[in-house]
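What follows is each chain in one-letter form.
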Amino acid sequence: ELALQGVFPGQTVLLFYGEKYRADGSLTGGPYHDVFFAVDTHAGGIAGCGARNLDVVRCGDDPNPVFRPEFAFTGFRYVEVVGASREQIAKVCARRMRSAVRSTLKFHASNPLLEEICTLSARSYFGNLLDGPIDCPTREKNFWNGDACIIASTQFYLADSHALMRYWTTEGRKIDSDAAGWRDECYETPYQLYRFYGDTEVLKENYGKLSQLTEQRAAACKDGIYGGEEVTFFGDHGMPEGCPNMDRQVYSHCFYALSLLRQSAIASVIGREEDAVFAKERLENARRAFSQKLYPQLLTLETGANLGNLILPIVMGLTDSGQTSILGNLLIERVRALTGKVWCGAVACAHLLPLICDLGEIALAEKVALCTEYPSWGYICKSGATTMTEYWGGMNSNEEGDSLNHYFRGAIVRWLVEYVAGIRPDVPGFKRVKIAPVFLPGLESCSCQYDSPCGECSVAWKRTADGLCLRTESAVPGIISLPFAAVGRKDGKIQDNRWNYVLPAGISEWRER
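Residues numbered from 1 in each chain as written. Predicted model: local features only at pLDDT ≥ 70, side-chain atom pairs only at ≥ 80, totals over all residues. Heavy atoms only, no water.

### Considerations on the packing of aromatic side chains
Enumeration over the complete set of coordinates arrives at 22 aromatic pairs. Taken together, a centroid distance of 5.9 Å and an interplanar angle of 45° make the contact between Phe196 and Phe430 tilted. Here Phe430 lies in the loop between β10 (423-425) and β11 (433-435) and Phe196 lies in helix α5 (residues 185-197), a separation of 234 residues in the sequence. Each of the two residues, Phe196 as well as Phe430, counts as buried. Grouping aromatic residues by their ring pairs yields a cluster made of Phe156, Tyr157, Phe196, Tyr197, Phe430 and Tyr450. The ring of Phe73 carries the charged tip of Lys141 above its face, separated from the ring centre by 4.6 Å. Directly above the ring of Tyr419 sits Arg424, whose terminal nitrogen or CZ lies 4.8 Å from the centroid. (Phe/Tyr/Trp six-rings, centres within 6.5 Å; stacked < 30°, edge-to-face > 60°. Helix = DSSP H or I, 4+ residues; strand = E, 2+ residues; numbered from the N terminus. Buried < 20%, exposed > 50% of the residue type's maximum accessible area, 1.4 Å probe, protein only. Lys NZ or Arg CZ within 6 Å of the ring centre and 35° of its normal.)

See below:
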């Protein structure tokens, strides 16, 4: 909002927007282009005369006008006013704009970097939520389905966006790419709506898209592998400088497996048992083809390869227990060698920390989360960014096209909630809750409050001289899983080296024996 005073009829005032200044003090044009590719707006480009998120105010008879854009929006940190003197500028005010969804998460930790990562992630999500999730509020402002797919399992921790995203699944203005990892949003958002809210109708409404997708992918397989040259391939978007993309066939075949895994689960929920059985059979065929043709090449993966080649086959259901162990060990070796740096893009990094924890390497996951060297979440924070950025460079990203407000790197919030705090649904709709914190060894305390669809669930844990202490409060009952036997509890059952106890609704306290 711009309030002017003492202006004259016909006076023209320009508002330029930017997110950082250059070394010479000039405001960057940044990714503020009318078209996707920055080069198109250069002299001689196809949009060489295109304005870059510019507001033009033409003053009328009112000497003290107030300007509020009503047909355009932009994300920015700075605004430069040209065409009015300092005395004529009465007020410049930034107004926040987003879809009206309720924030549902509060996260605190003794290490402030974890809190900052959560804050930047939430700010990016809300700053890009405008009738659905857009990729950035600065560049093309498009509803890319690939970005939404990455954040699908995280966004409902940040906000109660059930109604908005339910509408989005059928009516959203999506940039509907058919690339693997992009088109998969057609089932992943509905599946997560079911997981968080118990919504089965959204599964039924969107099942046809999933069925069509798996049929098309099955028909496109060659020797059982999905991912030939004719298949649209974007891959692991947003990789560090020098990091190669994932192998085309590994990446695409992983998403083929995930689509079958989800189809089997969704078909069972909505009563299409024949489809569920058929999807399982296809998944087994996909796994056999992976074992014969792709798995052997992963065992000799070259140094410097994208970590996603090891991550996605495990988390998307292609590996058996033996392959999971072997590829998991290879992943851990490479992550250790990287000393905390993240050598993959946005698709794979969404699964990196949860998988490291599932493999039992809690301290290593903490090291990666707290790393401040490039490329890492910590580097983005330390670069001065106030939102998550499209690329790992943070505020040091290329000003000619890289978005400085991109929510998909905020997928790390799922790890903060489900692993560091330990809150997740035990059954769809949060009618039962599972609490299973991993207790990062370098963290003194953590607390998390999540306002679930069935009421508030909170966890607070800390280290004391007598050991770990944990306080839980839940509106619904469930299960609590701890890496220790709890004082005064006799109903614990050991599974996977953890003690599992019945969690009653209400307040409970747990102490290490």
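Having seen the structure, we can now continue with the description.
### Here we look at the side chain of Thr189
Along the chain, the position of Thr189 falls in helix α5. When its relative accessible area of 0% is taken as the criterion, Thr189 is described as buried. A polar contact of 2.9 Å, which involves the side chain of Thr189, links it to the side chain of Glu185. Beyond its immediate sequence surroundings of up to four residues, Thr189 is in contact with Ala148, Ala152, Met165, Trp168 and Thr169. (Polar contact = N/O pair within 3.5 Å; in protein donor to acceptor, adjacent residues only side chain to side chain. Contact = heavy atoms within 4.5 Å.)

### Overview of helix α11 (residues 346-358)
Taken as a whole, α11 carries its principal kink of about 35° at Leu352; the proline Pro354 stands between one and four residues after it. α11 sits mainly inside the fold: eleven of its 13 residues count as buried. Inspection of α11 places Ala346, Val347, Ala348, Cys349, Ala350, Leu352, Leu353, Pro354, Leu355, Ile356 and Cys357 among the buried residues, and these make up the whole buried set. Gly360, located one to two residues past α11, shows a positive phi value of around 90°. (Bend = angle between axes of the 7 residues up to and from the residue.)

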